[in-house]
Amino acid sequence: VSAFSVGQRVRVREHNPPTHIRTPLYIQGRVGTIERLHGAFRNPEDLAYGREGLPKRDLYLVGFEYQTVIEGAPATDRVLVDIYEHWLEPEETA
Amino acid sequence: MIVQHVHSGMSPEREAALVLRTRALAAALIAKGVFTQDELKAQIDAMAKQSILDGARLIARAWTEEAFKQRLLTDPVGAAAELGIDTSGVAKMMVVENTDQIHHLVVCTLCSCYPSFLLGNPPDWYKSVSYRARAVSDPRGVMREFGCVAPESRQVRVVDSTASFTKTGPFTGFTRPKSNVPSAAAEEAGSSCPPEASSTPKDNSAPESISATGGIALSQPKWR
């Protein structure tokens, strides 16, 4: 069972360890909406160190209004980012 | 690990040094038994065979055959295999379609993830730090420099493929040619953002080099 469902509002965790990560800083702390579940993949943040990347992690496509990233951006525009489940939390718990 | 793949404008000395370093690294990996010389050559040969023409074939087929387009959108890897494209090692991929309401701009801000099996080596500008930063900070400005002016009513969706999940870079060129577009609205949309402008430029010039000569004023984005 996946942790999040399409349409759910989620917040991206803020975390910038000195290790390899796959969640860009510009999107950390922002609130977006789950647009799609890509599936479960080996975790590239673990694979980067020659390990197995297991257990597989769910990878989501998360959509954000552009204005949450860039001040004054057109209200129509969105940015969509691939984010692994361990970087997301439900909006209300933040 | 941050790897910068920017080669354009590199001095001959710098390039020679990189070639030497690459050869030394390959020799060390072969000596350690990580891979063999033959495996290295096979990999280079396989990469050399990949071509943007395969991606172009896929798009052209989707333009002319609606059923194939639907398969491409729902099962891109299967659709590519259908055309005889080597999809071994490609687990999953997502294809996005440009319409008169939505225009996509694909970027990998963290490195340069790219569907090489369909499009060959990414152009240098795609991997450049400036494209990766500006595609997010000023997507409409970057698109303008490529000759694609999206009207304000059209939603721009920047797709940041940060996680090894294959995205369809220049499939943002998935706009049907005007002659195939059934509705008048789409016809009009075509004129402000021609399909040819949203496909990958053939040369290797980075968007910023175009702006330098074209004199397009860039506003400074305000990151939140």
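Residues numbered from 1 in each chain as written. Chains lettered and ligands numbered in written order. Predicted model: local features only at pLDDT ≥ 70, side-chain atom pairs only at ≥ 80, totals over all residues. Heavy atoms only, no water.

Engineer: Sorry if this is basic, but what is going on with the sheet that holds strand 3 (residues 155–160) of chain B here?
Structural biologist: Paired through their backbone hydrogen bonds, the strands of a sheet run either parallel or antiparallel. Spatially, 6(A)-1(A)-2(A)-3(A)-5(A)-3(B)-2(B) is the arrangement adopted by the seven strands of the open sheet, whose pairing is mixed. In this open sheet, the two strands that pair with only one neighbour each are strand 6 (88–90) of chain A together with strand 2 (102–107) of chain B. Each neighbouring strand pair of the sheet contributes to a mean axis angle of 35 degrees, computed without reference to strand direction. Pairing of strand 5 (residues 78–84) of chain A with strand 3 of chain B involves four bridges; the strand directions are parallel. The residue of strand 3 of chain B that forms the bridge with A:Arg78 is B:Arg157. Running at roughly 150 degrees to strand 2 of chain B, helix 8 (residues 129–137) of chain B makes contact with strand 2 and strand 3 of chain B of the sheet. (Pairing = 2+ DSSP bridges. Helix = DSSP H or I, 4+ residues; strand = E, 2+ residues; numbered from the N terminus. Axes fitted to C-alpha atoms, helices over the stretch in contact; angles between N-to-C directions. Contact = heavy atoms within 4.5 Å.)

Engineer: Help me understand the pairing of strand 3 (residues 57–65) of chain A in this model?
Structural biologist: One face of the sheet, then the other: side chains in a regular strand alternate in exactly this way. All names here are of chain A. The buried count for strand 3 comes to seven of nine residues, which makes it a mostly enclosed element. Bridge count between strand 2 (residues 31–41) and strand 3: seven bridges; the pairing is antiparallel. Bridging across to strand 3, Leu37 finds its partner in Tyr60. As paired elements, strand 3 and strand 5 share seven bridges and run antiparallel to each other. In the sheet register, Leu61 faces strand 5, and the bridge partner there is Asp82. (Buried < 20%, exposed > 50% of the residue type's maximum accessible area, 1.4 Å probe, protein only.)

Engineer: Would you mind going over the packing of aromatic side chains with me for this structure?
Structural biologist: The description of two aromatic rings rests on the distance between their centres and on the angle between their planes. Residue and element names in this part refer to chain B. Inspection of the entire model under this criterion finds six aromatic pairs over all chains. Look at Tyr126 and Tyr131: their rings are 5.5 Å apart centre to centre, the planes differ by 35 degrees, and that puts the pair in the tilted class. Each member of the pair, Tyr126 as well as Tyr131, carries the same accessibility label: buried. Three or more aromatic residues joined by ring pairs make a cluster, and in this case those are Tyr114, Trp125, Tyr126, Tyr131 and Phe146. Over the ring of Phe68 we find Arg61; its NZ or CZ atom is 4.8 Å from the centre of that ring. (Phe/Tyr/Trp six-rings, centres within 6.5 Å; stacked < 30°, edge-to-face > 60°. Lys NZ or Arg CZ within 6 Å of the ring centre and 35° of its normal.)

Engineer: Can you help me understand the interface of chain A and chain B in this one?
Structural biologist: It is common to give the size of an interface as the accessible area lost on bringing the parts into contact. Across the contact, 31 residues belong to chain A and 30 residues belong to chain B. Approximately 2,500 Å² of surface area, both sides summed, lies buried where chain A meets chain B, with 52% of it carried by carbon and sulfur atoms. Sorting the residues of chain A by area buried against chain B places A:Arg22, A:Glu71 and A:Leu80 first, and these three jointly supply 21% of that buried surface. Our count for the chain A to chain B interface comes out at two salt bridges. Residue assignment for the side of chain A that touches chain B shows that the elements contributing at least two residues are strand 2, strand 3, strand 4 (70–71) and strand 5 of chain A. Among the elements that make up the side of chain A that touches chain B, the one with the highest residue count is strand 5 of chain A (six residues). In terms of residue class, the side of chain A that touches chain B is built from 15 nonpolar, eight polar and eight charged. (Buried area = accessible area lost by both parts, 1.4 Å probe. Salt bridge = Lys/Arg side-chain N within 4 Å of Asp/Glu carboxyl O. Nonpolar A, V, L, I, M, F, W, Y, C, P; charged D, E, K, R; others polar.)

Engineer: I'm lost on the side chain of A:His20 in this one. Help?
Structural biologist: Mapped onto the elements of the fold, A:His20 is located in the loop between strand 1 (9–12) and strand 2. A distance of 2.8 Å separates a polar atom in the side chain of A:His20 from a polar atom in the side chain of A:Arg22. (Polar contact = N/O pair within 3.5 Å; in protein donor to acceptor, adjacent residues only side chain to side chain.)

Everything listed here is a matter of coordinates, which is why it stays silent on function.
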